[in-house]
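Remarks on the overall topology
Spelled out, the chains give:
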Amino acid sequence: MAQTSPATAPVQASPREAGQAAPKSLQAKVAMCIGCHGIVGYKSSFPEVYRVPQIAGQSAKYISAALNAYKTGDRKHPTMRGIAESLTEQDVADISTYYQDLGKGQRKAAGAKPSREPSPQVAALLQKAACASCHGANMSTPIDPSYPKIAGQYADYLFVALKAYKTENNPAVGRNNGVMGAIAKQFSNNELKALSEYVGSLEGEMATVPEPRFHRSND
């Protein structure tokens, strides 16, 4: 049989023509995040009203771990699971690195010690929970980057997160983490709230960096 000449050889379809999605740009990847995490003070209403966490300056390894936990269902949150399930492994890595570096020049490094001392009652709770053993003495230098920085995080978010570790047998709410579950279950909700308020009052390295499209001008 005669070979097809180069001039008449069939042209291969491009990946997009073949029905394959083109890789998302970084801007497209973070677009689904900025509607909540790019607005200072933005509040979620599920499972109760609280400010969504500050993630600019958080460790990329922790953000990746959190997104993957939402994807697998180890963290239960309908909106976050829907978002996480749409992300590839590369998307997760890119988004995590983006937020780790976002606003880097505007943020201060946390000091070696907490910016304020706890009350005796809260100090006893901190010691019982052994928070510093994982999150660092200043609550901002975790022993492994897969653990979160928590100093200065919104107190209402911390409270909701800690309660989630206590929640069991709820298909829509809860976090499956053996270590944090065992710690959180030692405390009443009032004690968890006291811990959250103290940790949230500390100076930390995280921030919510406003996205320009959501920043209202004073002009």
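On a predicted model such as this, the values are computed, not experimentally measured, just so you know.

A word on the pattern of salt bridges. Tallied over the full model, the rule gives nine salt bridges. Among the ionic pairs, Lys29 bridges to Asp91, the shortest N-O distance being 3.2 Å. Here the residue Lys29 occupies a position in helix 1 (residues 26-37), and Asp91 occupies one in helix 4 (residues 89-101), the gap between them amounting to 62 residues. There is no split in this pair, since Lys29 and Asp91 are both buried. For Asp156, the salt bridge is made with Arg51, and the minimal N-O distance between the two is 3.3 Å. Residue Asp156 is found in helix 7 (residues 155-166), and its partner Arg51 is found in strand 2 (residues 50-51); the two are separated by 105 residues along the sequence. Salt bridges sharing common partners tie together Lys29, Asp91 and Asp94.

Let's shift gears to helix 1. Its twelve residues give helix 1 an end-to-end C-alpha distance of 16 Å, which sits within 8% of 16 Å, the value for a rise of 1.5 Å per residue. Buried-residue contacts for helix 1 involve helix 4.

Residue Phe46 is joined to Pro47 through a cis peptide bond whose omega torsion reads -5°. Looking at the secondary structure, you find Pro47 in the loop between strand 1 (43-44) and strand 2. Positive phi is not limited to glycine here, since Ala130 has a value of about 55°. Within the fold, Ala130 resides in the loop between helix 5 (120-129) and helix 6 (132-135).

Inspection of every chain in the model, using the stated rule, returns two aromatic pairs. Taking the centre distance of 6.2 Å and the plane angle of 40° together, the rings of Tyr50 and Tyr157 count as tilted. Of the two residues, Tyr50 sits in strand 2 while Tyr157 sits in helix 7, which places them 107 residues apart along the sequence. The buried category is assigned to Tyr50, whose relative accessible area is 7%. Overall, the relative accessible area of 10% leaves Tyr157 in the buried class. On the basis of an interplanar angle of 90° and a centroid distance of 5.0 Å, the ring pair of Tyr98 and Tyr99 is categorised as edge-to-face. Look at Tyr99 and you get buried, because its relative accessible area is 2%. Its guanidinium or amino end placed over the ring of Phe187, Lys128 lies 5.1 Å from that ring's centre, counting from NZ or CZ.

What follows covers the side chain of Lys29. Taking the relative accessible area as the measure of exposure, Lys29 reaches 6% and is therefore buried. Within the structure, Lys29 has its side chain in polar contact with the side chain of Asp91 (distance 3.2 Å). The residues touching Lys29, leaving out its near neighbours within four places in the chain, are Lys24, Gln90, Asp91, Asp94 and Ile95.

Turning our eyes to something else, we now look at helix 9 (residues 189-201). In this model, helix 9 (13 residues) spans 18 Å end to end at C-alpha, consistent with the 18 Å of a helix rising 1.5 Å per residue. Buried-residue contacts for helix 9 involve helix 5, helix 7 and helix 8 (178-184).

This brings us to the side chain of Arg75. Mapped onto the fold, Arg75 is located in strand 3 (residues 75-76). There is no salt bridge for the buried Arg75, and the closest opposite charge comes from Asp74, which lies 8.6 Å off by N-O distance. For Arg75, the contacting residues outside a window of four places in its chain are Tyr62, Ala66, Ala69, Tyr70, Tyr157, Tyr165, Gly174 and Arg175.

Below, the discussion takes up the confidence of the model for the protein chain. With 86% of its residues at a pLDDT of 70 or more, the protein chain shows a mean pLDDT of 88. Confidence over residues 1-21 falls short of pLDDT 50; this stretch has four contacts with residues more than four positions distant or in other chains. Contacts from residues 214-219, a stretch scored under 50 in pLDDT, to residues over four places away or in other chains number four contacts.

Conventions adopted
- Residues numbered from 1 in each chain as written.
- Predicted model: local features only at pLDDT ≥ 70, side-chain atom pairs only at ≥ 80, totals over all residues.
- Heavy atoms only, no water.
- Salt bridge = Lys/Arg side-chain N within 4 Å of Asp/Glu carboxyl O.
- Helix = DSSP H or I, 4+ residues; strand = E, 2+ residues; numbered from the N terminus.
- Buried < 20%, exposed > 50% of the residue type's maximum accessible area, 1.4 Å probe, protein only.
- Expected span 1.5 Å × (residues − 1).
- Contact = heavy atoms within 4.5 Å.
- Phe/Tyr/Trp six-rings, centres within 6.5 Å; stacked < 30°, edge-to-face > 60°.
- Lys NZ or Arg CZ within 6 Å of the ring centre and 35° of its normal.
- Polar contact = N/O pair within 3.5 Å; in protein donor to acceptor, adjacent residues only side chain to side chain.
- Lys, Arg positive; Asp, Glu negative; His and termini not counted.
- pLDDT = per-residue confidence, 0-100.

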